[in-house]
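Structural characterization, general
If you want the building blocks of each chain, they are given just below.
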Amino acid sequence: MKWITRERAKVERIACPRLIKRFIDPEAEFLFAPREQVLEIAKKENAIPFDTPRAELYHKEGKCTFEVILEKYKIKDPALEYMAKIIHGADILEDINITPESAGIRAIAHGFYHLVEDDYKKIELEFPVYDALYEY
C-alpha cells in the first residue's frame, strides 16, 4: 500500500512510517508531497494520507498522529504505548516534558531535518533511531 505525508519530515513523519512499516504494512511505500498537495496526490495514487491536516490519521482529541495510528489499528504493545508518549512530547512542543526522552528525540529529529533534505534518506538514517527507542 502507498502512504503519503508532507515533505520535509521531522518527528512524526519519520516515526509514523517506521510504525507503519514494522507493525501495520511491511510492504508500505511512502510518498512525500508539498503540504497543499498531499490529499490531491493521495487520491491520484490511491495512498493513505497521514500527519497532514484534514486526513483521518492526523492529530485529534489531544493525540498526535502516532497515537491516532495506534488507536485506529488497535495496536496494543506496552513499548509502543510508551514510545507514543515520547513521540507526542517530541512533536507537540507544549508537551515536551511529558517524558524525559521527548526533548532528546525532538533534538535528534530536528537535527536530521537540518542535516538531510531528502526525506527518503532521512527514513533510512532515522529508522534505526526509532527501532532503538522501541527496544529501550
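First, a word on scope: everything that follows refers to the structure included in this document. Since this is a predicted model, take the numbers as computed values, not measurements. (Residues numbered from 1 in each chain as written. Predicted model: local features only at pLDDT ≥ 70, side-chain atom pairs only at ≥ 80, totals over all residues. Heavy atoms only, no water.)

1. A look at the packing of aromatic side chains
Scanning all chains against the criterion turns up five aromatic pairs. Judged by centre distance (5.4 Å) and plane angle (55°), the ring pair of Phe23 and Tyr134 falls under tilted. Placement of Phe23 in helix H1 (residues 12-23) and of Tyr134 in helix H6 (residues 119-135) is noted, with a sequence separation of 111 residues between them. Classification of Phe23 by relative accessible area gives partly exposed; the value is 31%. Assessed through its relative accessible area of 17%, Tyr134 is described here as buried. On the numbers, 6.2 Å between centres and 80° between planes, the contact of Phe30 with Phe50 is edge-to-face. With Phe30 in strand S2 (residues 29-33) and Phe50 in the loop between strand S3 (47-49) and helix H3 (65-72), this residue pair connects regions lying 20 residues apart in the sequence. Side by side, Phe30 and Phe50 carry an identical accessibility label, which is buried. Aromatic rings pair up to connect Trp3, Phe30, Phe50 and Tyr73 into one cluster. The ring of Tyr113 carries Lys10 above its face, with NZ or CZ at 4.5 Å from the centroid. The ring of Tyr73 is capped by Lys72, whose NZ or CZ atom sits 5.6 Å from the centre of that ring. (Phe/Tyr/Trp six-rings, centres within 6.5 Å; stacked < 30°, edge-to-face > 60°. Helix = DSSP H or I, 4+ residues; strand = E, 2+ residues; numbered from the N terminus. Buried < 20%, exposed > 50% of the residue type's maximum accessible area, 1.4 Å probe, protein only. Lys NZ or Arg CZ within 6 Å of the ring centre and 35° of its normal.)

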